[in-house]
Amino acid sequence: MSDVYVVGIDMIKFMKAGSGPAVELLGAQAALMALDDCGLKIQDMEALYCGNLGQAGAMVGQRVLQQIGQTGIPVVNCANACATGATAFREGWMAIKAGVYDTVLAVGVEKMGGGLLGGGGGGGGIPKEGLLGSMTMPAVFAEAGQEHARKYGTTFEQFAKVSVKNHHHSTLNPKAMYQIETPLETVMGAEMIAYPNTKLMCSVNVDGSAAAVLMSEKKVKALGLMKRAVRVKASVLTSDPWQERDLVMPDVNTCTRLAAKKAYEMAGVSAQDINLVELHDCFATAEILHYENLGLCGDGEAGHMIDSGATALGGKVPVNVSGGLLSKGHPLGATGIANVYEVATHLRGEAGKRQVANARLGMTHVIGLGSACAIHILEKVA
Amino acid sequence: MSKPLPAVDYLKLPESGEPYLEGPKCSACGSIYLGARKVCSKCGAREKIEPVRLANEGHLYVYSIVHRSFPGIQVPYVSAIVDLEGGGTVKGNLIGVDADPAKIKFGMPVRVVYKDALGRKDREGNSYTSYFFEPR
């Protein structure tokens, strides 16, 4: 099976939720940018994999092509909660792996509303939110973080430090929604949403899009695109294995651990080899859990890891140097491909002020609650 | 006035006797669920599910103190996940404690209590009974 490469990739600067143009125009922007990044045309694409959650039933991929070139290629529209973009990317990767196509386009795009996600309930009778606890995302991820606090004594301050770090990183990323420093007192003193997550510890709802051109090895060589190409060393998708508290406590840990194990095996590397990680910091609490889930540190060591600065730019394994979902923003269907963009940009040595020095291997991770986990390991080629 | 209805289908309100929570249990692997089902999602066994009465005593597993919710929902409140003695994990509001992390301890013993569902009514005006957790 051919190795698969990312040859073109880009994202738009994320913007305030609801402020962007129609979803097809938003997606078209990133698609054109990714094509320009590798000097190819829509006519060179053999298939389109489009990730979008909010209009999952509305043929968003086709509508993107109606903006940039109706070439008649197959379009697959993907929805997989917050793993939507990564799932679309992976579908393209699989099609090339299978030898069906040599060149495909993956687009992730989302137009968001504001406010709390989750907790809507549904079903008959009376609303359950605030009656049977909370199913809003801030509360669900607060409880997931509290499980770590229960086991290891992780503190509110340690969770808050994640947000300080990621907001700092975003000051170096012109494509992030925000470029604002948020000192520890500011993060901890911000409006409490669901203890221990304050408002500054919740990801930002934004409009955004990102796109990637994936290509088989022989095509990359034939077109002379290897110089800026990034090799996809592993692509893994998992769902949530049974856990005893599943029904009331969505489990983001087990599916991540399973995906990480498979990804390291597929890539033939270990966690110690990874130079940077873009992981799913939908809430500050979540980032702490994933240090351990991804094997970046041992179980129970994540609190120390954030304290030590190991995951800050300049540290042993910088995490979310883009600013993460906490400050770059989280356009659900675009996030997975935007993460790949960030890692690819570092592997290409094109990340400017936030460049992770000598980055050769990077990892992306997303969680779609419900649950899906997608992990990609990317490798510098040239 | 008609009798209150259960807020969720795993809360049982018998004609005589006390309310209780019911958890379908897989007789093949012992997993306990909430709400009706026919197949065990842990072991895949079919038609082995038997309803069991869950305990009213349990321990707080984890919690969050919710300060921001949707309009009309009174905050702050404590969203809690409780492991019941003998099996089964349920989520609900922890009442009878201050909404203060210093006052809430992981593992604290709690009991399930049954009360009116915070005055919430459905479109037909029916009242509901729900369950809550209290320290014991």
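Residues numbered from 1 in each chain as written. Chains lettered and ligands numbered in written order. Predicted model: local features only at pLDDT ≥ 70, side-chain atom pairs only at ≥ 80, totals over all residues.

Looking only at helices and strands, one finds 0 helices and 9 strands in chain B. Helices and strands in chain B line up, N terminus first, as β-β-β-β-β-β-β-β-β. Each of the three principal axes of chain B carries a C-alpha extent, and together these read 40 × 40 × 30 Å. In chain B, which comprises 136 residues, the proportion classed as buried is 37%. (Helix = DSSP H or I, 4+ residues; strand = E, 2+ residues; numbered from the N terminus. Buried ≥ 20, exposed ≤ 12 C-beta atoms within 10 Å, placed from the backbone.)

Scanning chain A from N- to C-terminus turns up 12 helices and 12 strands. Relative to its length of 382 residues, chain A is compact, with a C-alpha radius of gyration of 19 Å against a globular reference of 21 Å. Dimensions of chain A along its principal axes, counting C-alpha atoms only, are 55 × 50 × 40 Å. Counting across all 382 residues of chain A, residues that qualify as buried make up 64%. Considering only residue pairs separated by 6 or more positions, chain A has 78% of its internal contacts joining residues 24 or more positions apart. (Rg over C-alpha atoms; globule rule 2.2 N^0.38 Å. Contact = placed C-beta atoms within 7 Å.)

Our next topic: the nonpolar core. Residues and elements named next belong to chain A. Within the largest apolar cluster, 163 residues are counted, with the highest numbers of intra-cluster contacts made by Val6, Ala106, Ala212 and Leu214. Here the element with the most residues in this core is helix H12 (residues 332-347); it accounts for 9 residues. For Ala106, the contacting residues outside a window of four places in its chain are Tyr49, Ala88, Phe89, Gly92, Ala211, Ala212, Leu214 and Ile337. Within the second largest apolar cluster, 7 residues are counted, among which are Phe14, Met112, Val204 and Val206. (Core = buried A, V, L, I, M, F, W, Y, C linked by C-beta atoms within 7 Å.)

What follows concerns helix H1 (residues 23-38) of chain A. Residue and element names in this part refer to chain A. Compared with the 22 Å implied by 1.5 Å per residue over 16 residues, the 24 Å span of H1 between its first and last C-alpha is a close match. Across the 16 residues of H1, 12 count as buried, placing the element largely inside the fold. Residues Val23, Glu24, Leu26, Gly27, Ala28, Gln29, Ala30, Ala31, Ala34, Leu35, Asp37 and Cys38 constitute the buried set of H1. Where H1 is buried, its residues contact strand E1 (4-11), strand E3 (48-51), helix H2 (60-68), strand E5 (103-110) and strand E8 (206-216). Following H1 by one or two positions, Gly39 adopts a phi angle in the positive range, close to 70 degrees. (Expected span 1.5 Å × (residues − 1).)

On the side of chain B, 35 residues touch chain A, which itself brings 29 residues to the contact. Class assignment of the residues belonging to the side of chain A that touches chain B gives a composition of 15 nonpolar, 7 polar and 7 charged. In this structure, strand E6 (residues 192-195) of chain A lies alongside strand E5 (residues 57-66) of chain B, joined through 2 bridges in antiparallel fashion. Note on E5(B): the bridge partner recorded for A:Ala194 is B:Val66. (Nonpolar A, V, L, I, M, F, W, Y, C, P; charged D, E, K, R; others polar. Pairing = 2+ DSSP bridges.)

The phi torsion of most residues other than glycine is negative, and most of the peptide bonds are trans. Cis geometry marks the peptide bond from A:Gly370 to A:Ser371; its omega dihedral reads 5 degrees. With an omega of -5 degrees, the peptide bond between B:Val75 and B:Pro76 qualifies as cis. Within the fold, B:Pro76 resides in the loop between E5 and strand E6 (77-84). Of note in this structure, A:Met59 is not a glycine but carries a positive phi near 50 degrees. Considering the arrangement of structural elements, one finds A:Met59 in the loop between E3 and H2. Of the residues examined, A:Met59 has 16 C-beta atoms within 10 Å and is grouped as partly exposed. Phi is positive for B:Leu118, which is not a glycine, with a value near 55 degrees. By the element assignment, B:Leu118 lies in strand E8 (residues 109-121). Residue B:Leu118 is classed as partly exposed on the basis of its C-beta count, with 17 C-beta atoms lying within 10 Å.

All names here are of chain A. Along the chain, Val381 falls in the segment after strand E12 (372-380). Between the C-alpha atoms of Val381 and Tyr5, which are 376 residues apart in sequence, the distance is 9.2 Å. If sequence neighbours within four positions are ignored, Val381 has contacts with Met226, Ala229, Val230 and Arg231.

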